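Observations on the three-dimensional arrangement
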Amino acid sequence: MAFDDLREQIKEQSSQVLGRIQESTAFQQLKERYDTLSPSVQKIIKTGSIALVILLGIYIPYSFYSSSYEIEETFTYNRDMTRDLLAAESEASAIGQVGQAMDGNALKSRVQSAIRGAQLQPEQLKSIRDLVPANARTIKGIPPNVQRSGITVDLANLNLNQMLDVSEKLETIDANVKVWSMDVKATESNPLYYDVQYQLVSFYLPQKAEEKKASPRGSRRVRKPPTRRKGR
């Protein structure tokens, strides 16, 4: 019922508007001029008017579609730019983590702590020696000022659980330490156990000279405010 009422109101208002247009002086003058034209010219005007109405009917929806398409393109561009900025920020923060220096001695100490955490027997640790794998010395995309330190860890007679535990602990030593390679072979005396060799590489930035010189004189003491003496 509400829709029918609305339709009737629109029809009545349209009729009123059309009646006012027809009663206007300008419309009457145009109608008189139109009536004095020849039938061929009247036919051309009717055809042109219909074509104009059709063009307007096409142009108006197209203008809305074009505007919405431009808005969608702008939204997509801004969204992609935001994603790129977030990715760049993530990469920059990851590169910034390289500043945590971990040379060969520090890396060796962290590896020894990780192995002790795996509760291996002393005889299961064969050796820990310094070594930077050849394919880790020059890596495309890493700046030349980034230093590399590496060690090789030889473990023997590990069962499967111990091997998995040690591998997990070595993988999580530090964000800048990577398990570069892992070589596993069955122990000759007991095929149920394994001899494992790990190669770990650490990437870090060398400390600046002024950072190494930590002179106690460089730090200023905070002076306490003078205390007021009580009057005698």
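Everything quoted here is computed from the prediction, not taken from an experiment.

Across its full length, the protein holds six helices and four strands. Sequence-ordered secondary structure for the protein, helices as α and strands as β, is α-α-α-α-β-β-α-β-β-α. Burial analysis of the protein (232 residues in total) assigns 19% to the buried set. Put simply, of all contacts in the protein between residues at least 6 apart along the chain, 68% involve residues at least 24 apart.

What follows concerns the pattern of salt bridges. Inspection of every chain in the model, using the stated rule, returns four salt bridges. Close ionic contact of Lys108 with Asp130 constitutes a salt bridge, the shortest N to O distance being 3.7 Å. Here the residue Lys108 occupies a position in helix α4 (residues 104-117), and Asp130 occupies one in strand β1 (residues 125-130), the gap between them amounting to 22 residues. A salt bridge links Arg129 to Asp154; the shortest N-O distance between them is 2.5 Å.

On to the nonpolar core, then. Membership of the largest hydrophobic core comes to 20 residues, with the highest contact counts inside it found for Val111, Val153, Leu155, Leu170, Tyr198 and Leu200. When residues of this core are traced back to their parent elements, those giving at least two are α4, β2 (147-158), α5 (160-171) and β4 (194-204). Judged by nonpolar contacts, the second largest core, of five residues, contains Ala136, Val146, Val201 and Phe203.

Time to look at the sheet that holds β1. Taken in spatial order, the four strands make up an open sheet running β1-β2-β4-β3, and their pairing is antiparallel. Strands at the two margins of the open sheet, each flanked by one partner only, are β1 and β3 (177-186). Here the average twist between neighbouring strands, direction ignored, is 15°. As defined by bridge partners, β1 adjoins β2 across five bridges and the pair is classed as antiparallel. Bridge pairing links Leu125 to Leu155 in β2. Relative to β2, α4 is tilted by about 25°, and along the sheet it contacts β1, β2, β3 and β4. The sheet strands contacting α5 are β2, β3 and β4, and the helix crosses β4 at an angle near 5°.

In this model, α5 (twelve residues) spans 17 Å end to end at C-alpha, consistent with the 16 Å of a helix rising 1.5 Å per residue. All of the buried residues along α5 are Gln162, Met163, Val166, Ser167 and Leu170. In an axial view of α5, the angular spread of the buried residues amounts to 130°, which keeps them on one side of the axis. What points out from α5, more than 90 degrees from its buried face, is the exposed set Asn161, Leu164 and Glu168.

Moving on to the packing of aromatic side chains. Inspection of every chain in the model, using the stated rule, returns one aromatic pair. Ring geometry for Trp180 against Phe203: centres 6.3 Å apart, planes inclined by 55°, an arrangement best described as tilted. Here Trp180, found in strand β3, pairs with Phe203, found in strand β4; they are 23 residues apart in sequence, far enough to count as distant. According to the relative accessible area criterion, Phe203 is buried, its value standing at 10%.

A positive phi angle, near 60°, is found at Gln119, a position not held by glycine. Of note, Gln119 is situated in the loop between α4 and β1. Positive phi outside glycine occurs at Asn157, with the angle close to 55°. Mapped onto the elements, Asn157 comes out in strand β2. Judged by relative accessible area, Asn157 falls into the partly exposed class, the value being 34%.

What counts, and where the lines are drawn
Residues numbered from 1 in each chain as written. Predicted model: local features only at pLDDT ≥ 70, side-chain atom pairs only at ≥ 80, totals over all residues. Heavy atoms only, no water. Helix = DSSP H or I, 4+ residues; strand = E, 2+ residues; numbered from the N terminus. Buried < 20%, exposed > 50% of the residue type's maximum accessible area, 1.4 Å probe, protein only. Contact = heavy atoms within 4.5 Å. Salt bridge = Lys/Arg side-chain N within 4 Å of Asp/Glu carboxyl O. Core = buried A, V, L, I, M, F, W, Y, C linked by side-chain atoms within 4.5 Å. Pairing = 2+ DSSP bridges. Axes fitted to C-alpha atoms, helices over the stretch in contact; angles between N-to-C directions. Expected span 1.5 Å × (residues − 1). Arc of directions from axis to C-beta. Phe/Tyr/Trp six-rings, centres within 6.5 Å; stacked < 30°, edge-to-face > 60°.

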